[in-house]
Amino acid sequence: MILVTGATGNIGSALLKELHAHGAGPLRGLTRHAAQAAFPEEVEPVQGDFAEPASLKAALEGVRALFLVSRLGPDADILEAARQAGVQHVVLVSSITALTHPHLVPAQENLAVEQLLKESGMAWTILRPTQFASNTLMWADSVREHETVLAPYADTALPTIHPADIASVARVALTEPGHQGRTYALTGPEPVSARRQVEAISAALGREVPFAGISRRQAHARMAAVFGAEAADAVLDVTGGDVNDELLAVRDTVTQVTGAPARPFRQWAKENAACFR
C-alpha cells in the first residue's frame, strides 16, 4: 500500500495518476474532503488532516510507503505516526533552498524535517525541487481581469519545474529500487524569467498579457500584507534578490531518475491555460 498525502494538490494529484497508470498499488489518497475527491477508480480516498496527526491513524494502516510534502503540519508527529504504523519508506518533498539558502528560516525548517526523517528509522528519499511552475497561478486573477501582471526581478531566470516532474521522480522513488537514502535536487530543463513566463501564458491564451517589473520594495509591501515580512523577504531572496550559482543551475536529475526529459514551462502554461481564462 502506498499513501499519497496532499492527494488533490499539484504534485499529489499528478503522482496518483502516474502510480495508477504504471500499475502501482494498492493506492490511497489522503485528503481533508474524501467524499469530494476525484481519484482514479482503483485509488482509495481516505480522509485526514495534517493539523490532527491522530486523524492519520486509519489512513496509515497497512501502508508500506508514504509520500509527504514537508511543513504542511506537525512533521515530527506525522513521521512518528508513520513509524508507529509500520511505514517502511517515506518520499519527502523538501526544497532546493535547503541547499542554496540554508540560512533562511523556511530552509532551516525544511532541513529540520529532513533530519527528523533520517533519524526516524524509516528508509527515506528526499526531493528538493526549485521554484514550481504552478506558482504563477498567483497571477491568474490579474490575467483573467486583463490587468497587468506585476513581478519583481522580471528578468532573473530560474529553472522552474513542472509539478508533474516532481511527481514522476516521486513515483520512481516509491516503486523502483535504488532510491532509498538519496537526496535529489530537481529543476526544469531551462531557466525562465517572470517576463518569459508571462509570454508563455500569453501564447497559451492566444492574447497578449500585459506585464511590468516592479521594485523589491513594492513587491515586499504586497507580499508582506499576505504572508508577513519575514516570509516576504525569504521569497524575494530566492526569486532574485539573493540568487547564486546553485539556485540558477539547470540539473538533469529528472531525466536521470525517470528516463524522460523535464517538461518546459511553456508546456505547463498550455496544460493550465484554462486557469487564466
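Keep in mind that this is a model prediction, so the values were computed, not measured.

### Things to note about the nonpolar core
Ranked by internal contacts, the top residues of the largest apolar core, which has 31 residues, are F67 and L127. Mapped by element, the contributors of at least two residues to this core are β1 (2-4), α1 (10-21), β4 (65-69), β5 (89-93), α7 (163-175), β8 (182-186) and α12 (253-258). For this core, the element with the most residues is α7, which contributes 8 residues. Sequence-distant contacts of F67, that is, excluding residues within four places in its chain, are made with L3, V4, T5, I11, G12, L15, V91, V93, A170 and L174. Ranked by size, the runner-up nonpolar core spans 22 residues in total, among them L3, L30, A59 and V63.

### Quick word on the packing of aromatic side chains
Geometrically, a pair of aromatic rings is defined through the distance of the ring centres and the angle of the planes. Enumeration over the complete set of coordinates arrives at 2 aromatic pairs. An aromatic cluster is built from F265, W268 and F276, whose rings are joined through pairwise contacts. One cation-aromatic arrangement involves K118 over W124; the distance from NZ or CZ to the ring centre is 5.0 Å.

### Quick word on the side chain of R128
When you line up the elements, R128 lands in strand β6 (residues 123-129). Assessed through its relative accessible area of 14%, R128 is described here as buried. Within the local environment of R128, its side chain forms a polar contact with the side chain of E114, the two groups lying 2.7 Å apart. When near neighbours in sequence (up to four residues on either side) are disregarded, R128 contacts S94, S95, I96, A98, L99, L111, E114, T183, Y184, A185 and L186.

### What to know about empty space enclosed by the protein
Enumeration over the complete set of coordinates arrives at 1 cavity of 30 Å³ or more. Taken together, L3, T5, L56, L60, L66, I78 and A82 make up the lining of the largest cavity. Of the residues that constitute the lining of the largest cavity, the class distribution is 6 nonpolar, 1 polar and no charged.

Cut-offs applied
- Residues numbered from 1 in each chain as written.
- Predicted model: local features only at pLDDT ≥ 70, side-chain atom pairs only at ≥ 80, totals over all residues.
- Heavy atoms only, no water.
- Core = buried A, V, L, I, M, F, W, Y, C linked by side-chain atoms within 4.5 Å.
- Buried < 20%, exposed > 50% of the residue type's maximum accessible area, 1.4 Å probe, protein only.
- Helix = DSSP H or I, 4+ residues; strand = E, 2+ residues; numbered from the N terminus.
- Contact = heavy atoms within 4.5 Å.
- Phe/Tyr/Trp six-rings, centres within 6.5 Å; stacked < 30°, edge-to-face > 60°.
- Lys NZ or Arg CZ within 6 Å of the ring centre and 35° of its normal.
- Polar contact = N/O pair within 3.5 Å; in protein donor to acceptor, adjacent residues only side chain to side chain.
- 1 Å grid on protein atoms, 1.4 Å probe; cavity = no way out; pocket = protein on both sides within 12 Å on 5 of 7 lines; lining within 4 Å.
- Points joined across faces, edges and corners; volume = space filled by probe spheres on them.
- Nonpolar A, V, L, I, M, F, W, Y, C, P; charged D, E, K, R; others polar.

Interpretation note: all reported values are geometric properties and have no functional meaning in isolation.
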